[in-house]
Amino acid sequence: MNHYFRLIFMFIRHWISGQTAYAPTGDFMIKLTALPFDCDANMHLTNSRYLSFGDLGRIDMLLKTKLAGLTLKKGWLGVVNAQTVSYIRAIKPLSRIELHSKLLGWDEKYWYFEHRFVANNTLYASILVRGVFIKGKQVIPMQELLALIGHHQASPELPRRVSHWKELLSIKKQESPF
């Protein structure tokens with residue numbers, strides 16, 4: 001992650017705010033500015049920065065739900081398994097954007113997140129992310145992870161776009177020559 005100052009500021013903000021824990025399936029939002037060094041030669045947010053901003057959105061969720069400290073104590077790491085990005089509009093330098101992040105749901109192995117980049121009530125990009133929590137090579141079931149914060153509800157029904165994406169990922173794995 002190339003945003004150490006943003007990350008440090010996020011930790012300080014959460015530490016100072018003393019916020020109560022949020023529900024893990026809630027909507028999470030952070031405000032960001034596309035700084036000039038976040039942009040490429042085409043003078044818009046570079047492709048890789050969207051994924052890095054998504055990292056910040058997931059860290060924000062872990063902090064706000066109080067899962068960050070609990071998972072660190074257990075030595076559990078969140079690992080991204082797959083991502084897909086839809087770029088809709090260019091984000092120009094110095095643009096103020098809102099990153100809306102949501103845990104869409106989970107299955108027996110993976111969790112599914114969506115990050116939406118919004119400015120002036122307009123969608124600029126969307127990222128779907130699939131990942132797992134692991135300790136060593138062991139996958140930690142989401143039910144066990146969410147139980148740490150007293151969340152014992154079943155996964156929300158995954159949106160159709162996520163079900164289709166899961167199917168595509170499965171096909172890609174089956175058709176891989178390696």
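Residues numbered from 1 in each chain as written. Predicted model: local features only at pLDDT ≥ 70, side-chain atom pairs only at ≥ 80, totals over all residues. Heavy atoms only, no water.

A.B. asks: Explain the environment of Ile-8 here, please?
C.D. replies: Relative to the helices and strands, Ile-8 resides in helix α1 (residues 4-17). By relative accessible area, Ile-8 is classed as partly exposed at 46%. (Helix = DSSP H or I, 4+ residues; strand = E, 2+ residues; numbered from the N terminus. Buried < 20%, exposed > 50% of the residue type's maximum accessible area, 1.4 Å probe, protein only.)

A.B. asks: What's the story with the pattern of salt bridges in this structure? I'm lost.
C.D. replies: Enumeration over the complete set of coordinates arrives at nine salt bridges. Between Arg-6 and Asp-38 there is a salt bridge, and its shortest N-O distance comes to 2.6 Å. Here Asp-38 lies in the loop between β1 (27-33) and α2 (47-64) and Arg-6 lies in helix α1, a separation of 32 residues in the sequence. Residue Arg-6 shares its accessibility class with Asp-38, and that shared class is buried. Between Arg-58 and Asp-55 there is a salt bridge, with its nearest N and O atoms 2.5 Å apart. (Salt bridge = Lys/Arg side-chain N within 4 Å of Asp/Glu carboxyl O.)

A.B. asks: For this particular structure, what's the right way to read the layout of surface pockets?
C.D. replies: Here the idea is plain: a probe the size of a water molecule rolls over the atoms and shows the empty space left. Taken as a whole, the largest pocket spans an internal volume of roughly 470 Å³. The set of elements that each furnish at least two residues to the lining of the largest pocket consists of α2, α3 (67-74), β2 (77-87), β4 (111-119) and α4 (142-147). Among the elements that take part in the lining of the largest pocket, α2 stands out by supplying six residues, more than any other. Grouping the constituent residues of the lining of the largest pocket by class yields 20 nonpolar, two polar and two charged. Class assignment for the residues of the lining of the second largest pocket results in three nonpolar, one polar and six charged. (1 Å grid on protein atoms, 1.4 Å probe; cavity = no way out; pocket = protein on both sides within 12 Å on 5 of 7 lines; lining within 4 Å. Points joined across faces, edges and corners; volume = space filled by probe spheres on them. Nonpolar A, V, L, I, M, F, W, Y, C, P; charged D, E, K, R; others polar.)

A.B. asks: For this particular structure, what's the right way to read the packing of α1 against α2?
C.D. replies: Packed helices, taken two at a time, are described by their axes: the angle between them and the distance between them. Orientation of α1 relative to α2, taken along the N-to-C sense of each, is 20°, at an axis distance of 11 Å. Classified by the angle between their axes, α1 and α2 sit roughly parallel to one another. Once α1 is placed against α2, the crossing between them reads as right-handed. Contacts from Arg-6, Leu-7, Met-10, Phe-11, Arg-13 and His-14 of α1 reach α2 at Phe-53, Leu-56, Ile-59, Asp-60, Leu-63 and Lys-64. Looking at the contact of α1 with α2, its residues break down into seven nonpolar, one polar and four charged. (Axes fitted to C-alpha atoms, helices over the stretch in contact; angles between N-to-C directions. Parallel < 35°, antiparallel > 145°, perpendicular 65-115°, else oblique. Left-handed = near helix turned anticlockwise from the far one by under 90°. Contact = heavy atoms within 4.5 Å.)

A.B. asks: Could you clarify how one ought to interpret the side chain of Asp-38 in this entry?
C.D. replies: Since its relative accessible area comes to 0%, Asp-38 is described here as buried. Reaching out from Asp-38, the side chain makes a polar contact with the side chain of Arg-49 at a distance of 2.8 Å. Beyond its immediate chain neighbours, meaning those up to four positions away, Asp-38 contacts Arg-6, Thr-33, His-44, Leu-45, Thr-46, Arg-49 and Phe-53. (Polar contact = N/O pair within 3.5 Å; in protein donor to acceptor, adjacent residues only side chain to side chain.)

Purely spatial values, then, with no claim about function.
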